[in-house]
Amino acid sequence: MRVSSATVGPFQENAWLIVDPDAGRAVFVDPGDEPDTLLALLEASGATLEAIWLTHAHLDHIGGIAGLRRRFPVPVLMHPLDQPLFERGASQAARYGVPFEQPDPVDGPLADGMRLTLGRLSFEVVHLPGHAPGHVVFVGEGAVFGGDLLLDRKSTRLNSSHVSESRMPSSA
């Protein structure tokens, strides 16, 4: 497994590119913004994009999807409890005054215990709500791709209607 990342957008979100070098296949996890930066990362890997996996649907994790899918019409997978967040991406971006292109609807659901494969690599989907109702992490190959699972309490906003402060400790 080869892993590359790019910190993108005004919220400085980490987008991850996971590559199975033997299969020449890749997935993006949380392509938050700057699709041109992400496309350059993919091109440098030499792999073919197979899918986009979302840990959750906050605007800083979904803002690069539309740009990626213009070049690579791959499936986007997300936990269904984050559908309302996904649909409000553009309106949330407007509240912050940041540019945003609303992506097309997701293609498939993620569920707790589900197995995702990339070539010979295998990852388990673990549902960990708290930061977002459908927040998931991808565990496998000695790594955890956790989205916003680990946050600095001082800089984390807990006043959004979808954030459950009481559920956050139990999701870690």
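Further up the page is the structure itself.
Residues numbered from 1 in each chain as written. Predicted model: local features only at pLDDT ≥ 70, side-chain atom pairs only at ≥ 80, totals over all residues. Heavy atoms only, no water.

(A) A look at the pattern of salt bridges. In the structure shown here, the tally under the stated rule is 3 salt bridges. The residue Asp107 makes a salt bridge to Arg69 at a minimum N-O spacing of 2.8 Å. Here Asp107 is found in the loop between helix H5 (89-96) and strand E6 (108-109), whereas its partner Arg69 is found in helix H3 (residues 65-71), with 38 residues between them in sequence. In this structure, the salt-bridge partner of Arg70 is Glu101, at a minimum N-O distance of 2.7 Å. Taken together, the residues span a long stretch of sequence, with Arg70 in helix H3 and Glu101 in the loop between H5 and E6 at a distance of 31 residues. Since its relative accessible area comes to 39%, Glu101 is described here as partly exposed. (Salt bridge = Lys/Arg side-chain N within 4 Å of Asp/Glu carboxyl O. Helix = DSSP H or I, 4+ residues; strand = E, 2+ residues; numbered from the N terminus. Buried < 20%, exposed > 50% of the residue type's maximum accessible area, 1.4 Å probe, protein only.)

(B) Main features of the pairing of strand E9 (residues 136-140). Counting buried positions along E9 gives 4 out of 5 residues, so the element sits mostly inside the fold. As judged from the 4 bridges shared by strand E8 (residues 121-127) and E9, these two strands associate in the antiparallel manner. Its bridge partner lying in E9, Val126 is registered against Val137. Pairing geometry for E9 and strand E10 (residues 143-145), over 3 bridges, is antiparallel. Residue pairing in the sheet places Gly140 in a bridge with Ala143 of E10. Hairpin connection, E9 to E10: the antiparallel pair is bridged by 2 residues, and Glu141 has positive phi, about 55°. (Pairing = 2+ DSSP bridges.)

(C) Expanded view of the nonpolar core. Ranked by size, the top nonpolar core spans 26 residues in total, and within it Leu17, Phe28, Leu38, Ile52, Leu54, Ile65 and Phe86 carry the most contacts. For this core, the elements supplying multiple residues, two or more each, are strand E1 (2-8), strand E2 (13-20), strand E3 (25-29), helix H1 (35-45), strand E4 (48-53), H3, strand E5 (76-78) and helix H4 (83-87). Top element by residues in this core is H1. It accounts for 4 residues. Among residues more than four places away in sequence, those in contact with Phe28 are Trp16, Leu17, Leu38, Leu41, Leu42, Leu49, Ala51, Ile52, Trp53 and Leu68. With 16 residues, the next largest nonpolar core counts Leu110, Val125, Val136 and Phe138 among its residues. (Core = buried A, V, L, I, M, F, W, Y, C linked by side-chain atoms within 4.5 Å. Contact = heavy atoms within 4.5 Å.)

(D) Representation of the environment of Glu101 in the model. In this structure, the C-alpha to C-alpha distance between Glu101 and Gly67, residues 34 residues apart in sequence, is 8.2 Å. For Glu101, the residues in contact, after removing those within four places along its chain, are Gly63, Ala66 and Arg70. Looking at Glu101, its side chain comes within polar contact range of the side chain of Arg70, at 2.7 Å. (Polar contact = N/O pair within 3.5 Å; in protein donor to acceptor, adjacent residues only side chain to side chain.)

(E) Highlighting unusual backbone geometry. A positive phi is found at Asp30, a non-glycine position, where the angle reads about 55°. Note on placement: Asp30 falls in the loop between E3 and H1. Taking relative accessible area as the criterion, Asp30 reaches 1% and is therefore assigned buried. At Glu34, a position not held by glycine, the phi torsion is positive, near 50°. Inspection of the secondary structure assignment puts Glu34 in the loop between E3 and H1. Residue classification places Glu34 among the partly exposed residues on the basis of a relative accessible area of 31%.

(F) Representation of the environment of Ser91 in the model. Secondary-structure assignment places Ser91 in helix H5. Distance in space between the C-alpha atoms of Ser91 and Gln102 is 9.2 Å, their sequence separation being 11 residues.

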